[in-house]
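Remarks on the overall topology
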Amino acid sequence: MLSPGAYEDRQNLQTRLAGLRAGVVVVFVFLVVAFWVLQVLQYAEHRDRAERNHTRSIPLLAPRGVLFDRNGEVLVSSRRSFRIAIIREQTTDVQASIRQLAEVTHTSEDELKAIVDRHRGEAPFRPIAVIEHATDAQIAAVIARKLELPEVVVEQVPMRTYPESALAAHLFGYVGEVRQAQLKLPRFAGLPPGAVIGQAGLEQVYNELLMGTDGNRFVTVDSRGREIEELQRQDPLAGQRVRLTIDADMQRALEAAFQADGFAGAAAFVDPRTGEVLALTSLPSYDPNDFSVGISSATWAALNEDPLRPLGNRLIQGLYSPGSTFKIVMAIAALEEGVITPDTEVSCKGSGVFYGRRFKCWNTAGHGPMTLRHALEQSCNVFFYTLGERMSIDTINKWATRLGLVGKTGIDLPQEKASLVPSEEWKLRERGERWYPGETISVSIGQGAVSVTPLAMAMMMATVANGGTLLTPHLVMATDQGDGWEPVAPPAPRSTFLIPPGHLAAVREGLWMAVNEPRGTATTRGRIPGRDVAGKTGTAQVISNEGLAAAKASGKYTRALNDHGWFVFLAPRDNPEIAGVVLTEHTEHGYLSAPIAKHVLETYFAKKEGRPLPVYKSSIPPTSNVVGTAAAVVPDRGGVR
Amino acid sequence: MILNRRLLPHVDWLLLGGVVALTLIGLTTIYAVTWNIADNQPGGEFWRQAYAVPVGLAALMACVFVDYRTLAQRSPLLYGGLLLMLVAVLAVGFEAKGSRRWLDLGVGSLQPSEFARLVLALVLAMVYGDGRRSARSMRDLMIGGLVLAGPFSLIFLQPDLGTAVTLVPIYAGIVYVAGLRMRWVVGAVLVGVLLSPVVWTFGMQDYQKERVLTFLDPYKDPKDAGYQQIQARVTVGSGGLTGKGFGQGTQGAYRFLPEGHNDFVFAVLAEEQGFAGVIGVLGLYLFVIWRSLDAARLARDRVGAFLVVGLVSWFLFQVVYNITMQAGLAPVKGLTLPLMSYGGSSLVATMAGFGLILNVRMRRFTN
C-alpha cells in the first residue's frame, strides 16, 4: 500500500538522484581534464623530472697522458689513487659517521668535519671525498666496516705523479683543480667543478692533449641513492701520450750539478739544428707532486713567500742584464754591418773616452792591440765600446732582434716574458726621451737598458751555432693518441739570415779561445778536451758597481747584491750540435757557471757515444758556498708519496 | 528469509564485475610498485592485500544474503556496537603512526572506523527512510546530525580526521535525497565562507594550516610536506598518453613517491598505464557509481534508496578526493582510494558496502 504523497515523494527522490548523477558526471569530466593536462599537455616536463629523479651519471675520471723523454723514458705518469668518500644521503647521522670514520682511519675528526662542511651545498647523493690518497691501512679499515658504514665508499681516482719529484718542475708545471674563475673561460667550458687541469708548465700548455675525456656511468638509483643497475657505461679516454724533446739523463745531470754547487739559476740546452730543447731548468724549484695531492695551505704559503720565488720560471720569466755575453751580438752586428773585419785591430789601454766620457775595461792594465777573436777570448770592453761607437743603437737592436734577444722566444711554456734590447723608438715611447749616443757604449758590453731571459740567450747561441737561423725552441716531438706516435711538426723559425762563413768562423774561434786558451775567461772551467766547446762568460749586474761599493761600506751588503754569472756556449765549434746557457745567480763570476754546462755537455757526448755517464764533482768548497741556496731548494717531502 | 534462490537472477553482476575489476587492478598495481628487486618478488603488502580479497568477497556475500531491511531494523543495535568498539579502540586499541585506530583481535587487527560508514549509512537510511520523516525541517536535520556526531567524534579523537570526514558525505547524501532544502545549502555555504577566517585562526592545528599552505604552493616546502604533492604530479605526468608499461614505473617503485601502494596507488597506475589507463579506471569508477545509483533509483523503498545513496556518497567522495589529490589538485590527506589502495580493513568494508548496494537492487521486487 502506498501512502498518500508517496508518488510525489518518489518523484522528488528521482529528481534528486538525477541531480546527483549530473554532479558525478561533472566531477569526472573535471578529473579527465585534469589528467589530460598533466599527462598529455605537461608530459615532457614531468617526464624529464622523473628521469632526473632516478638516473645518475657517475664520472669515470680519465688519467692524464704520460710524458716521455726523447728516448721513451717515462717522466710523468698517472697512477691509481684511492680516496675515501662519504655519501651523506645514505646515513641518518653524518656526524656519527664522521666520528667513526675518523676513528678507524686514524684521522682528525675535525678535519673530516671541515671538509664535509665545505661541501654542504652539494647534492646529498654526491660523494664527498674526505680522505684523498688513502693508505692501504685506511682502505682496509673502511672495507672491513662495509656493513657498519655503508655510507663510506672507496673510490679509485687517477693521480698525476712525478716520479723524480722536483726534477724539471718548471718544465712539467703542475696540476690542480680548476678554479672558479677558470670555469668561465671558453677553453674550460663544460668542465665540472673539481676537474683537474694543468695549472703551470707543459701541463697547462698541453692541457687539452693531456687531459683526456672523462667517462661516465649512467645508473639507476632509488630515492635513497642506492644503485639499482647500470644503464650505460662510457669508458674514459686517457690523455694523449706525449714524447718530449727533453733528454732525461741530461736533465738529471743539469740539476745534479746545480744542486751540488748549491746555486740558484736557470739553464737550457738546445739542439741548434732543430730548436729542440734537450734540458732546461730553473732553480730553486718545487715538487709538483705536492700539487697533485691538493697542496696544503702551509706548503703553498711557503712557496709563495719564499724570497727566492721557487714557483717562478727563471728561464723564461727572469729578465737579466746579459753583461759580456752581449759582446757576441756586437761582434756579429759589427761584422755584418761591415764596421770591422775579422782582422780589424783596436788597441785597449785599460779604458777609453767615448762621447766625452771615460769607460773602463775590466783589465785596467789594458789588453793591448786586439782583434775580434782575442777581444772575445778575453772579453775586452774597450774593443766592444769601439764597436758601439761605430754603430747606432738601432743597428744593434736590428741584429739583436735577428739573434733572438728582442721579444719572446715562443717556447711552448706559459707566461714567457719578452727580452729587450733598446732602440731609439723604444726609449722615446717608454721613457719619453731621445736616445743619447753615450748609452750605446754601455749597451755594447751588455749593460744599460738591456734585459734578456736566459732562454733568449740560449737561442742567440743556437743561432750563432746554426749560422743564422733563429729557431723557435720547442719541447714536444711526438704525440700518441693510442694508435702510434705521430711526429709534431716543429714551429717555424722566427727569422733566417745567413752569416758568411768567414764571420761565423771568427766569432766561433773567439768563443773557442775563451774556453780553451790559457787567457780565455772560461778556460779550464768549461773546456772538454777534443770537444771544442766554444763559449762566453758574462756577469749580470744586480746593482751598479758604485751601489755595490756603497752597500759594502755601509754594512748593508748581502749576497743578494752579488752579480749573476752567465755562461753561453755551443759545441763542437765547427759543426755545432748543441748550444745553450747556464745562469747562476749571485755567483759574481760567469766562470762558475761553466762547470755545470761542461758536465751536461759531457753527459751529452757520453750518452751519444754509449759511454758511462759522468758524475759531477762540485768545485765549490762547501764552506764558501756562494749563495747558500741549499736551503731554498725544495726540501725532501718524504712521506707525501 | 536469508536467501531465496529466486533472487539470484536479480544480482547486478555488472556492478559486481566492476567492483572486482577495480580490486584486481589495484592489486596488480600494488604488485608492480612493491616489487623487490633484491628478492625478485613482490613485497609483503601485495600478499596481505591478496589475502584480503577473498575475505572482502565473503563480507560482500554476507551483506547480500541478509535482507537489508532486517539490517536496517537492527541498525540501532549495530550503532550501539559500533560506538562500543570505537570507545574500546580509544581505551585499549594499539597505536601506530601517532594515532590509535586498531583493535588487536588476536588473529589479526581490525580497524572499526572502516565499518563505521556501513553502520552509519544503515542508521541514517532508517532514520530518514522509515516512516514519514524527511529532511525538510531543522529538527529532522539535527536528529541525523546527532547520529553522525557519535562515531565522528570518537574517530576524530583517535585522532583520524581523514576517516571521520568520510562520514560526513553519508549524512550529506542521505539528507540531500531526503529533501534537504537547497536554500539552506546555499546559506550554509555562505556562512562557511564567512566563518572560514575564524576556523583558520582558532579551529586549525598548525600542521593542518601547513598542509593547506603547502597545497597552495608546494614548492614552498619541496622537501617535506610539498614533496608528495610535487612527486605525485611528476609521477602522474611522466606517464604520458600510454604510460611507461607495467612494472616499468620509476617514481613509485624507487620510492620517489612514497605510499605508492597506498594513498598514491592511482598515481602509480597513471605512471605505468598512462592517460589511457587513467581513462579506463576512471570509467570503471564512474560505471560502478552509475550502476549503484541505479540501485537507488530502482529500490523498492526509501530505506533502500537512502542506504545506497549514503554508501555511494561516501564512495564518491573518497574516490574523487583521492584522485584529485593524485593530480596534485587537493591537499595531501591520508585518504585511500577505495578498492584499489592497500589496506585490508578498508577493502573488506568497501566490499561489504557494495554487498549492501547489491542487496538493495536484488530485493527490489520482494515484499
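Residues numbered from 1 in each chain as written. Chains lettered and ligands numbered in written order. Predicted model: local features only at pLDDT ≥ 70, side-chain atom pairs only at ≥ 80, totals over all residues. Heavy atoms only, no water.

**Some remarks on the overall build of chain B**
Condition: Going along the chain from the N terminus, every DSSP run of H or I of four or more residues is numbered as a helix, and every run of E of two or more is numbered as a strand. The atom set for the radius of gyration is the C-alpha atoms, and the globule formula is 2.2 Å times the number of residues raised to the power 0.38. Only protein chains enter the accessibility calculation, which uses a 1.4 Å probe. A residue is then buried if its area is under 20% of the maximum for its type, exposed if over 50%, and partly exposed in between.
When its secondary structure is counted, chain B shows 14 helices and 3 strands. Its C-alpha radius of gyration of 21 Å places chain B within 12% of the 21 Å reference for a compact globule of 367 residues. By principal-axis analysis of the C-alpha atoms, chain B measures approximately 60 × 55 × 45 Å. Looking at the 367 residues of chain B, the share that counts as buried comes to 55%.

**Digging into the sheet that holds strand β1 (residues 94–96) of chain B**
All names here are of chain B. Rules: Here, a strand pair is defined by DSSP locating no fewer than two bridges between the strands. Should any heavy atoms of two residues lie within 4.5 Å, those residues are considered in contact. The axes are straight lines fitted to the C-alpha atoms, using for helices just the contacting stretch, and the angles between their N-to-C directions are given from 0 to 180°.
Overall, antiparallel pairing links the 3 strands, which are arranged β1-β2-β3 in an open sheet. With one partner strand each, in any of the chains shown, β1 and β3 (109–110) form the two edges of the open sheet. Contacts from helix α4 (residues 75–92) reach β1, β2 (99–104) and β3, with the element oriented near 105° to β2.

**Re the interface of chain B and chain A**
This is how it is decided: Summed over both partners, the accessible surface that disappears when two parts come together, traced with a 1.4 Å probe, is what is meant by buried area. We count a salt bridge whenever a side-chain nitrogen from Lys or Arg sits within 4 Å of a carboxyl oxygen from Asp or Glu. Polarity classes work like this: nonpolar for Ala, Val, Leu, Ile, Met, Phe, Trp, Tyr, Cys and Pro, charged for Asp, Glu, Lys and Arg, and polar for all others, with Gly in that last group.
Contact residues are listed per partner, giving 54 residues for chain B and 37 residues for chain A. Summed over both sides, the interface between chain B and chain A buries roughly 4,000 Å², with carbon and sulfur atoms accounting for 69% of that surface. At the boundary of chain B with chain A, the tally comes to 1 salt bridge. Sorting the residues of the side of chain B that touches chain A by element identifies α8 (167–177), α11 (225–237), α12 (265–298) and α13 (302–326) of chain B as the ones contributing at least two each. By residue number, the principal contributor to the side of chain B that touches chain A is α12 of chain B, which donates 16 residues. In the side of chain B that touches chain A, the residues fall into 34 nonpolar, 11 polar and 9 charged.

**Comments concerning α13 of chain B**
All names here are of chain B. To keep things clear, this is the line we draw: To estimate how far a helix should extend, the number of its residues minus one is multiplied by 1.5 Å.
Taking 1.5 Å per residue as the helical rise, α13 with its 25 residues ought to reach 36 Å, and the 35 Å between its terminal C-alpha atoms agrees with that figure. With 24 of its 25 residues buried, α13 lies for the most part within the structure. With its phi angle positive at about 75°, Gly-328 sits one or two positions after the end of α13.

**Let's talk about the sheet that holds strand β21 (residues 534–540) of chain A**
All names here are of chain A. On the basis of which strands lie adjacent, the open sheet formed by 5 strands has the order β12-β11-β23-β22-β21 and antiparallel pairing. Where the open sheet ends on each side, the last strands, each with one partner, are β12 (277–283) and β21. When the angles between neighbouring strand axes are averaged without regard to direction, this sheet yields 5°. Sheet strands touched by helix α10 (residues 248–261): β11 (265–270), β12 and β23 (578–584). Its angle to β12, the strand with the most contacts, is close to 25°.

**Details of unusual backbone geometry**
Residue and element names in this part refer to chain A. Each neighbour pair has its own omega, and for Leu-283 with Pro-284 the value is 0°, a cis peptide bond. Although it is not a glycine, Ser-165 adopts a positive phi angle of roughly 50°. Inspection of the secondary structure puts Ser-165 in the loop between β5 (152–161) and α6 (169–172). A relative accessible area of 26% places Ser-165 in the partly exposed class. Residue Asp-532 is not a glycine yet carries a positive backbone phi of 50°. Mapped onto the fold, Asp-532 is located in the loop between α21 (501–516) and β21. Of the residues examined, Asp-532 reaches a relative accessible area of 24% and is grouped as partly exposed.

**Examining the nonpolar core**
What counts here: We call a set of buried residues a nonpolar core when its members are Ala, Val, Leu, Ile, Met, Phe, Trp, Tyr or Cys and they connect through side-chain atoms within 4.5 Å of each other.
Core analysis: the biggest nonpolar cluster contains 115 residues, and Tyr-128 and Tyr-285 of chain B have the highest contact counts within it. Sort the elements by how many residues they give to this core and α13 of chain B lands first, with 16 residues. The next biggest cluster of nonpolar side chains, apart from the first, holds 94 residues, and it includes Leu-167, Val-329, Met-370 and Trp-435 of chain A.

**Remarks on the packing of α4 of chain B against helix α6 (residues 138–156) of chain B**
Residue and element names in this part refer to chain B. Short version of the rule: An angle below 35 degrees is read as roughly parallel, one above 145 as roughly antiparallel, one from 65 to 115 as roughly perpendicular, and any other as oblique. By definition, any crossing whose near helix is turned counterclockwise from its far helix by less than a right angle is left-handed, and any crossing with a clockwise turn is right-handed.
Packing of α4 against α6 brings their axes to within 9 Å, and their N-to-C directions diverge by 20°. Judged by the angle between their axes, α4 and α6 are roughly parallel. The handedness of the crossing between α4 and α6 is left-handed. The segment α4 lies against α6, with Tyr-79, Leu-82, Leu-83, Leu-86, Val-87 and Leu-90 engaging Leu-146, Val-147, Gly-150, Pro-151, Leu-154 and Ile-155. Among the residues making up the contact of α4 with α6, the classes are represented as 11 nonpolar, 1 polar and no charged.

**As for the packing of aromatic side chains**
Spelled out, the test is: For this analysis, a ring pair means two rings from Phe, Tyr or Trp (six-membered ring only for Trp) whose centres lie within 6.5 Å, classed as stacked if their planes differ by under 30 degrees, edge-to-face if by over 60, and tilted for the remaining angles. Working rule: Lys NZ or Arg CZ, within 6 Å of ring centre, within 35 degrees of ring normal, means a charge sits over the ring.
One pass over the full model with this rule turns up 25 aromatic pairs over all chains. Here Phe-68 of chain A and Trp-485 of chain A contribute two aromatic rings whose centre-to-centre distance is 5.5 Å and whose plane-to-plane angle is 85°, an arrangement assigned as edge-to-face. Of this pair, Phe-68 of chain A sits in strand β2 (residues 67–68) while Trp-485 of chain A is found in strand β19 (residues 485–487), placing the two residues 417 residues apart along the sequence. Measuring from centroid to centroid gives 4.9 Å for Phe-315 of chain B and Phe-354 of chain B, while their planes differ by 90°, and the two rings are edge-to-face. Taken as a pair, Phe-315 of chain B in helix α13 and Phe-354 of chain B in helix α14 (residues 344–362) lie far apart in primary sequence, 39 residues in all. According to the relative accessible area criterion, Phe-354 of chain B is buried, its value standing at 4%. Here a set of aromatic residues connected by ring pairs shows up, and it is made of Tyr-174, Tyr-286, Phe-291 and Trp-300 of chain A. Stacked on the ring of Phe-497 of chain A, the Lys or Arg Arg-402 of chain A has its end atom at 5.7 Å from the ring centre.

**Examining a nonpolar patch on the surface**
All names here are of chain B. Here is the rule: Patches draw on residues past 30% relative accessible area with no salt bridge. Two like charges within 9 Å are joined, as are two nonpolar side chains (Val, Leu, Ile, Met, Phe, Trp, Tyr) within 5 Å. Only the protein chains shown count as cover for residues, and all accessible areas are computed by the Shrake-Rupley method using a 1.4 Å probe.
A contiguous nonpolar surface patch, about 490 Å² in accessible area, is contributed by Val-191, Leu-195, Val-198, Val-199 and Phe-202. Relative to the assigned elements, Val-198 resides in helix α9 (residues 182–203). Of the residues examined, Val-198 reaches a relative accessible area of 42% and is grouped as partly exposed.

**A closer look at helix α17 (residues 393–402) of chain A**
All names here are of chain A. All of the buried residues in α17 are Ile-393, Thr-395, Ile-396, Asn-397, Trp-399 and Ala-400. In this structure, the buried side of α17 is in contact with α14 (327–337), α18 (424–431) and α19 (437–443). One or two positions beyond α17, positive phi appears at Gly-404, with a value near 95°.

**As for the domain arrangement of chain A**
All names here are of chain A. Put simply, the rule reads: An automatic or database domain assignment supplies the start and end points of every domain. Polar contacts here mean pairs of N or O atoms no more than 3.5 Å apart (in protein, one a potential hydrogen donor and the other a potential acceptor; neighbouring residues in sequence count only if both atoms are side-chain atoms).
The assigned domain composition of chain A is domain 1 (56–244) and domain 2 (248–294 + 315–476 + 491–595 + 606–631). The C-alpha centroid of domain 2 is placed 45 Å from the C-alpha centroid of domain 1. Counting residues at the interface gives 30 residues for domain 1 and 24 residues for domain 2. For the pairing of domain 1 and domain 2, the buried interface totals around 2,400 Å² over both sides, and the portion due to carbon and sulfur atoms is 58%. Linking domain 1 to domain 2 there are 3 salt bridges. The partner of Arg-252 in a salt bridge is Glu-73, with the nearest N and O atoms 2.2 Å apart. At the boundary of domain 1 and domain 2, one finds 11 residue pairs in polar contact (both at pLDDT 80 or more). For the side of domain 1 that touches domain 2, the elements supplying multiple residues, two or more each, are β5, α6, α8 (201–205) and β10 (241–244).

**Section: empty space enclosed by the protein**
As a reminder of what qualifies: Using protein atoms alone on a 1 Å grid, points that fit a 1.4 Å probe yet trap it form a cavity, whereas open point sets bounded by protein on both sides within 12 Å along at least five of seven lines form a pocket; residues with an atom within 4 Å of a point count as lining. Grid points are joined across faces, edges and corners, and a volume is the space filled by probe spheres set on the points.
Here the structure, examined in full by the defined rule, presents 2 cavities of 30 Å³ or more. Of the pockets and cavities examined, the largest cavity occupies roughly 50 Å³. Taken together, Val-288, Ile-289, Ser-292, Leu-311, Val-312, Trp-314, Phe-315, Thr-350, Gly-353, Phe-354 and Ile-357 of chain B form the lining of the largest cavity. Of all the secondary-structure elements, those providing two or more residues to the lining of the largest cavity are α12, α13 and α14 of chain B. Split into classes, the residues belonging to the lining of the largest cavity amount to 8 nonpolar, 3 polar and no charged. The calculated volume of the second largest cavity comes to roughly 30 Å³. Every residue along the wall of the second largest cavity is listed here: Val-74, Leu-75, Glu-164, Leu-167 and Phe-172 of chain A. Among the residues forming the lining of the second largest cavity, the class breakdown is 4 nonpolar, no polar and 1 charged.

**A few points about the state of the cysteines**
Heads up, the rule is: When two cysteine sulfur atoms are found within 2.5 Å, that pair is recorded as a disulfide.
Tallied over the full model, the rule gives 0 disulfides over all chains. Free of any disulfide, Cys-348 of chain A has its nearest neighbouring cysteine sulfur in Cys-380 of chain A, separated by 3.6 Å.

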